[in-house]
Protein chains: 2
Amino acid sequence: MADKAKVTIEDVARAVGVSRQTVSRVINKGPNVKESVREKVEEAIARLGYIPNLSARRMGGGRSFLILAVNDRQRTLENWQAGRGNDWVDQMLYGGMTECEKEGYHLVFELIDTDPQLAPVQLSNSIASLRPDGIILTPPHSDNEELARMLTNRGIPCARVGRSAGTDYVDVFMDENAAAAEAVRHLLRQGHSKMAFLAGSPEYGSSQKRVEGFRKALQEAGLEVEAGVVAKANFQFDTAAELLLEMLDAPDRPTGIIADNDEMAFAALHVADKLSLNVPDDLAIISFEDTPGVRFSVPPLTAIRQPTSEMIARACACLIDISRGKDAVGSYELPFRLIERATTGPRQPAL
Amino acid sequence: MADKAKVTIEDVARAVGVSRQTVSRVINKGPNVKESVREKVEEAIARLGYIPNLSARRMGGGRSFLILAVNDRQRTLENWQAGRGNDWVDQMLYGGMTECEKEGYHLVFELIDTDPQLAPVQLSNSIASLRPDGIILTPPHSDNEELARMLTNRGIPCARVGRSAGTDYVDVFMDENAAAAEAVRHLLRQGHSKMAFLAGSPEYGSSQKRVEGFRKALQEAGLEVEAGVVAKANFQFDTAAELLLEMLDAPDRPTGIIADNDEMAFAALHVADKLSLNVPDDLAIISFEDTPGVRFSVPPLTAIRQPTSEMIARACACLIDISRGKDAVGSYELPFRLIERATTGPRQPAL
DNA sequence: TGCTATCTTGTGAACGTTCACATACCCGAA
DNA sequence: TTCGGGTATGTGAACGTTCACAAGATAGCA
């Protein structure tokens, strides 16, 4: 049965003795089909192993059952080429694929340049060839207003991940500000009164918001501004290590570090080792990101887990809803989580 | 220009004053088009920003410009759910997407169950809806003869990754046997004479071949069989740690460990720390896999890098060639690489 | 009973390509 | 000059769906 290739809607219609349109209505769960007919059609579909042809559906109707997820070409390729891997992409695939699969959709990945000249053209081309039912923009494309506007003009639903600004699109994000504040409070509870935030790059909206949250939380705790040092290390191991080496060798050094990504947190671990600082007794470390490798660092890193896969899953769900005619436009905030491992713990009094 | 949605082949034909078929010939680089006409058509395509509609091409011609990559559902989901990530999937995406993009194809991922009942049905359904031009089977699906046969019967080119057995399909692989031997030789050169292979699971063909390579290399070096211990730890941290704790606490313990994956190598690192064995002075460790996290272990792991992204890229390239009528069926062996980091080094004489 | 209003079903056209085939063109050889 | 044979171009049909609309069936109400 299922082995007979190319069962078409016409075959099903003939088997039941109805027209192709009736079968089509059953497939699309349309109204106005007598219950007894619907059952017979469904039985025949199962028996013949009929699966609708996606291309034909797209040609006839307009829906392609495809969701396109767009990533930053340069950064993604750089990560791969440097052997760093792309946990972000992996997580996107997880959330996106599982959600799409549930709904009978498919996820297609695409890299496009961030160059303002190239981005719209490349996206246009992908749209023209694939005609997806929805598009997911991730940072930094999610911050590109022009792209979102273009998509809307063409009537393609668009979801932006990692920004909370809009009302016209689907926006999915976590509260970066609150996450940073939570990290600070975690360290405060464990007795730290001087800490540093190792920031990534101000080009990333998330970085900025985390810095804000960091400062606000310290202020709310009644601590001086100097109690919170902010240093910019551009997400890189080497830059971070250099900065930290100086910072942690000083007499009034911070006793807690909050790093904007795992790589810089690893740098902190590395420097602590170099300076013979025990982690977490002499130095506590919290990372943002929580890639799989952090479980195996020595000691394993305490980290804030971004809900990456959940954000993508939500984005897909909304886009699919919209393509079905529901109104799912809006902003969705997803919860982060502080995962306590071994780089934080009760502060030991200095000897 | 490029902003005008929905430019069709007919628009281009009208603009140049030729028929749609002539434009089609130009797009598909077909023969029998006068050079002057070809140029005019190409100019018009660029000017109008025409991009062929994939669904229509599929309907008309038969090619979908889609490559389907199939992974083990259970194992992949487990990895994701456990927070372990799927470096394998990430690497697949890297190799597959870049290759497909170059050729104007698209890559679609799919998870299917390994259950022998479900696998063919799920694959059938995906084929029916997507009608891909080629399918990539990864372990353990690549070892499922039935799947490959079914695809051939339906005329869908199929590439199998990670096995070297066939001649009727595209098979892409690395020499696992030689890789294990290379790891052994690396340790021998550094003065080790007793070593252990921490094997994953015999269900994986690669595991078996590595054990063979391990044994053969020791034998060729003129060492006793007892010089090479093989222990099965099922790819898991805990199981490996338990085994190693016993093995490394004995008086005639091995001084070198070769682990079948990174997770078990991390376990070795963990146990060495527990037993106060210095790595690499007291214990050398080599891992198979080389996920991004190994760079940050303390010390960073020496590892054999599988050419995952390269294998997938090659598989895509072959499938695309085949869909274009070329004969690219055959076996392709890709080189692995031993990446020396800090868990191996010249053996220090015991005190 | 007859006549709408609604539910149910069917029919031709359309989507944008490529395929198979037909036709027109060109060049050289008989 | 005429014919053959490749080269260049165009035409109708087909792919498998859904859409828009038409038509038949059924129910509701006077």
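Because the structure is predicted, anything quoted here is derived from the model rather than measured.

Conventions we followed
Residues numbered from 1 in each chain as written. Chains lettered and ligands numbered in written order. Predicted model: local features only at pLDDT ≥ 70, side-chain atom pairs only at ≥ 80, totals over all residues. Heavy atoms only, no water. Axes fitted to C-alpha atoms, helices over the stretch in contact; angles between N-to-C directions. Helix = DSSP H or I, 4+ residues; strand = E, 2+ residues; numbered from the N terminus. Parallel < 35°, antiparallel > 145°, perpendicular 65-115°, else oblique. Left-handed = near helix turned anticlockwise from the far one by under 90°. Contact = heavy atoms within 4.5 Å. Nonpolar A, V, L, I, M, F, W, Y, C, P; charged D, E, K, R; others polar. Near = heavy atom within 4 Å. Polar contact = N/O pair within 3.5 Å; in protein donor to acceptor, adjacent residues only side chain to side chain. Least-squares fit on C-alpha atoms with pLDDT ≥ 70 in both. Buried < 20%, exposed > 50% of the residue type's maximum accessible area, 1.4 Å probe, protein only. Arc of directions from axis to C-beta.

> How would you summarise the packing of helix α7 (residues 118-130) of chain B against helix α8 (residues 145-153) of chain B if you had to cite specific residues and measurements?
All names here are of chain B. Remark: α7 packs on α8, axes separated minimally by 10 Å, with the N-to-C direction vectors making an angle of 30°. Viewed along their axes, α7 and α8 adopt a mutual orientation that is roughly parallel. Between α7 and α8 lies a crossing whose hand is right-handed. Between α7, through Ala-119, Pro-120, Leu-123, Ser-124 and Ile-127, and α8, the contact on the second element is made entirely by Glu-146, Leu-147, Met-150 and Leu-151. Looking at side-chain class alone, the contact of α7 with α8 contains seven nonpolar, one polar and one charged residues.

> Describe the protein's contact with DNA strand C, with residues and values.
If you check the shell around DNA strand C, you find 26 residues, and the closest are Arg20(A), Met59(A), Ile9(B), Ser24(B) and Tyr50(B). Expressed as a percentage, the sugar and phosphate content of the atoms of DNA strand C within 4 Å of the protein is 57%. Between a base oxygen of DNA strand C and a side-chain N or O atom of Arg20(B), the distance comes to 3.1 Å. One of the side-chain nitrogen or oxygen atoms of Arg57(B) is found 3.3 Å away from a phosphate oxygen of DNA strand C. Elements with a contribution of two residues or more to the surface near DNA strand C: α2 (20-27) and α4 (54-60) of chain A together with α2 (20-27) and α4 (54-60) of chain B. For the surface near DNA strand C, the per-class residue count stands at nine nonpolar, twelve polar and five charged.

> So, the relation of the copies chain B and chain A: which residues are in play, and what are the values?
The operation relating chain B to chain A is a screw motion whose rotation component is 180°, with 0.0 Å of axial translation and a residual RMSD of 0.1 Å. Taken together, the rotation and translation relating the two chain copies correspond to the operation of a two-fold axis. Taken together, the interface assignments show that 98% of the residues at the interface of chain B recur at the interface of chain A, consistent with an identical surface on both copies.

> I'd love a proper account of helix α1 (residues 9-16) of chain A, names of residues and values included.
Residue and element names in this part refer to chain A. Looking at α1, one finds that the buried residues are Val-12, Ala-13 and Val-16. The buried residues of α1 occupy one face: seen down the axis, they fall within an arc of 100°. On its buried face, α1 is in contact with α2 and α3 (35-48). Of the residues one or two after α1, Gly-17 is the one with positive phi, at around 90°.

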